[in-house]
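# Coordinates in review
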Amino acid sequence: MRCLSRPLIRLGGTLLALGLLAWWPGTGEAHPHAWIDIDVVVRFGPDGTVTGLEESWLFDEFYSADTVGKGDPARIERLTKGIMRNLAGYGYFTRVDHGGRAVALAKPAAAAARMDGSRLRMTFFAPLAEPVVPSTAAPLTYAVFDPTYFIEMLHAERKDAVRLEGAPPSCAVQLHQPHPDPKAVVAAATLDRTQSGGDGLGAQFAEKVEIRCPSLSRP
Amino acid sequence: MSVSVPPLTRIVLLGVSLLVLGGVALVATRGGGDHIVAWVLSEQRQFHRALAADLHALDGSGSFAAVWGLIGISFLYGLFHAAGPGHGKAVIATYLLTQSCHLRRGLALAAGGALLQGLTAIVLVSGLGRLAETLPGGSALAVSWSERVSFFLLAGLGLLFMIRALRGLWVARSSSAPLQSHPLHDHDHAHRHEPGCGCVPAPSTGQIERAESWRGVAGVLLSIGLRPCSGAVFVLALANLLGLSWAGFAAVMAMSCGTAVAVAVLAVATVQARGWVGRWCSGSDPSGSLVLVVALAGGGALFLLGASLLLASFGPVHPLRF
């Protein structure tokens, strides 16, 4: 009995340490598994309303090599069609809010893809189902992310990764960095490649872009 | 043995461990966590970018510097990232903690598993991929089926460990006297127990256990080796595309070496830890039921991991995976 408690403490400590080491899957198999650099043009109509987002997705080298190889046009076209078809069920990985309320997207009119160096670049225009006015009280926010966090999608590290087209001069853009809950980070790190993070995980790692136009006061 | 460690030392050790754990927990949950998270995520991204950049540099110049750059970064990728496929370390640690405590075997399993993993990636992506070039996604299909076999073996291995543990516990229950033979161990050849192995020496018990031993070793090797790591698959795909297959092979082998080193460190730590526990309680727990209980739990965990991975692999496919 004298010995029983000591080995148990020791065993407990040892197992804890080993468990941390051993049962923590290498990040090589943990999420995310692909990276997309995004560029977004927020398009305004002549009346100062936002009509939609023009998105440009630059896939990482490995995803590009794996899916379209050298970039045979027929393969690119087939892949683009497949991606857009599959993304329809996921809202094109794009979430738009206006004053805190979700704004629906209409079906993107056209998607095109080409090789940008050795990486695949896909562009499409996602129109808002109803144009909205990004006022100070009710700003327009959007986030482009993979809800399962299989893919990490971040704005390209350039000043003009978000551009406003046809916007009134008072409009301002703000990009908010993600602050994931440590629990979400652990979840992502311990997920295997074949497992899904569930639909709440990706939002934790998503950048949020906020657009306000102080001069637009219409509701 | 336990008497020789002064209680003060033990208390100090325990205190230090608690402090370290507490510190890690504090950093992870408080402000510092954000930075660590950002660093880990960007580091993973950087590794992939560096691999791609090195392959392109090699494509452009073909210089020795580029070759060594690629090999170096691949080795580091294997060392830090993979440290085994998701389940590799768990398998090795559980095996060494509960089934066999031979250091040499642990090191051989670490090296063998990592090497086999690299070869699997090469065969599936470069070998089969070439054959199935006309069939898009052919190598991806081969990879996913190889993974499924690996998950199935993982679950089977967990089940095997559990059965062995239950059998051992049954024997321990039914005989009130201390066990003379240790049913848990892979009893191979001369059955030399290294010092600090933490089990009661017993004479070798022949062919049946030797067969069981090989079953365990094969299970560990195959369940690790049949799942190619995603980094290796990616590098091979890009290398093949650039017409640099040989560079892809070299990179994957370097990754395997890195993985082997990381897993070997874990193997040494496991054998060492088991030695401590064994020495500590050799007087009070001659039947080794502690190890048996751990084996039961470890086997159960491996089974659950394997089963859940197997199920997930048949689950919905990500919309951008083709």
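Residues numbered from 1 in each chain as written. Chains lettered and ligands numbered in written order. Predicted model: local features only at pLDDT ≥ 70, side-chain atom pairs only at ≥ 80, totals over all residues.

## Considerations on the overall build of chain B
Helix and strand content of chain B: 10 helices and 0 strands. In chain B, the succession of helices and strands from N to C terminus is α-α-α-α-α-α-α-α-α-α. The 322 residues of chain B split such that 41% are buried. (Helix = DSSP H or I, 4+ residues; strand = E, 2+ residues; numbered from the N terminus. Buried ≥ 20, exposed ≤ 12 C-beta atoms within 10 Å, placed from the backbone.)

## Remarks on the overall build of chain A
Assigned secondary structure in chain A consists of 5 helices and 11 strands. Buried residues in chain A amount to 39% of all 219 residues. By sequence separation, contacts in chain A at least 24 residues apart represent 75% of the contacts at least 6 residues apart. (Contact = placed C-beta atoms within 7 Å.)

## Quick look at the confidence of the model for chain B
Residue and element names in this part refer to chain B. The predicted model of chain B averages 75 in pLDDT, with 66% of residues at 70 or higher. Confidence drops under pLDDT 50 across residues 179–183; counting only partners more than four residues distant or on other chains, this segment forms 17 contacts. Low pLDDT, under 50, characterises residues 187–205; the predicted model gives this stretch 40 contacts beyond four residues in sequence or across chains. (pLDDT = per-residue confidence, 0-100.)

## Some words on the nonpolar core
Among soluble globular proteins, nonpolar side chains are generally buried collectively. All names here are of chain B. Among the nonpolar cores identified, the biggest contains 74 residues, and L55, A121, V235, L236, A237, L238 and V252 are the most heavily contacted of them. At 9 residues, helix 8 (residues 230–241) tops the list of elements feeding residues into this core. Residues I92, A114, L226 and L266 belong to the second largest nonpolar core, which totals 34 residues. (Core = buried A, V, L, I, M, F, W, Y, C linked by C-beta atoms within 7 Å.)

## Quick notes on the sheet that holds strand 11 (residues 208–212) of chain A
Residues and elements named next belong to chain A. Spatially, 5 strands are ordered 4-3-7-11-10 in an open sheet, and the strand pairing comes out antiparallel. Strand pairing shows two members of the sheet lacking a second neighbour, strand 4 (101–103) and strand 10 (172–176), which therefore form its edges. Each neighbouring strand pair of the sheet contributes to a mean axis angle of 25 degrees, computed without reference to strand direction. (Pairing = 2+ DSSP bridges. Axes fitted to C-alpha atoms, helices over the stretch in contact; angles between N-to-C directions.)

## Observations regarding helix 10 (residues 289–313) of chain B
Count 3.6 residues to each turn of an α-helix, and residues three or four apart come out pointing the same way. Here helix 10 of chain B spans 36 Å end to end across 25 residues, near enough to the 36 Å set by a 1.5 Å rise per residue. The complete set of buried residues in helix 10 of chain B reads B:V291, B:L292, B:V294, B:A295, B:G298, B:G299, B:L302, B:L305, B:G306 and B:L309. (Expected span 1.5 Å × (residues − 1).)

## Details of the packing of helix 4 (residues 88–98) of chain B against helix 10 of chain B
Residues and elements named next belong to chain B. The contact between helix 4 and helix 10 brings their axes to 9 Å, and the two run at 160 degrees. Considered as vectors, helix 4 and helix 10 are oriented roughly antiparallel to each other. Crossing hand, helix 4 versus helix 10: left-handed. Judged by residue contacts, A90, V91, T94, L97 and T98 of helix 4 engage V291, V294, A295, G298, L302 and L305 from helix 10. (Parallel < 35°, antiparallel > 145°, perpendicular 65-115°, else oblique. Left-handed = near helix turned anticlockwise from the far one by under 90°.)

## Digging into helix 4 of chain B
Buried residues dominate helix 4 of chain B, accounting for 11 of its 11 residues. What helix 4 of chain B keeps buried is the set B:G88, B:K89, B:A90, B:V91, B:I92, B:A93, B:T94, B:Y95, B:L96, B:L97 and B:T98.

## Some remarks on the packing of helix 2 (residues 61–68) of chain A against helix 8 of chain B
Taken N-terminus to C-terminus, the directions of helix 2 of chain A and helix 8 of chain B make an angle of 65 degrees; their axes are 9 Å apart at the nearest point. Here helix 2 of chain A lies roughly perpendicular to helix 8 of chain B, going by the angle between them. Here helix 2 of chain A runs over helix 8 of chain B; the crossing is left-handed. Residues A:E61, A:F62, A:A65 and A:D66 of helix 2 of chain A touch helix 8 of chain B, and the partners they reach there are B:F234, B:A237, B:L238 and B:L241. Classifying every residue of the contact of helix 2 of chain A with helix 8 of chain B gives 6 nonpolar, no polar and 2 charged. (Nonpolar A, V, L, I, M, F, W, Y, C, P; charged D, E, K, R; others polar.)

## Some words on the environment of B:F234
The residue B:F234 is located in helix 8 in this model. Separated by 183 residues in the primary sequence, B:F234 and B:L51 place their C-alpha atoms 9.6 Å from one another. Not counting residues up to four positions away in its chain, the partners in contact with B:F234 are A:F62 and A:D66.

## Observations regarding unusual backbone geometry
All names here are of chain A. With a phi close to 55 degrees, F93 is a non-glycine residue in the positive phi region. Within the secondary structure, F93 sits in the loop between helix 3 (73–87) and strand 3 (94–98). A count of 22 C-beta atoms within 10 Å places F93 in the buried class. Backbone geometry places Y149, a non-glycine residue, at a positive phi of 60 degrees. As for its position among the elements, Y149 is in the loop between strand 7 (140–144) and strand 8 (151–155).

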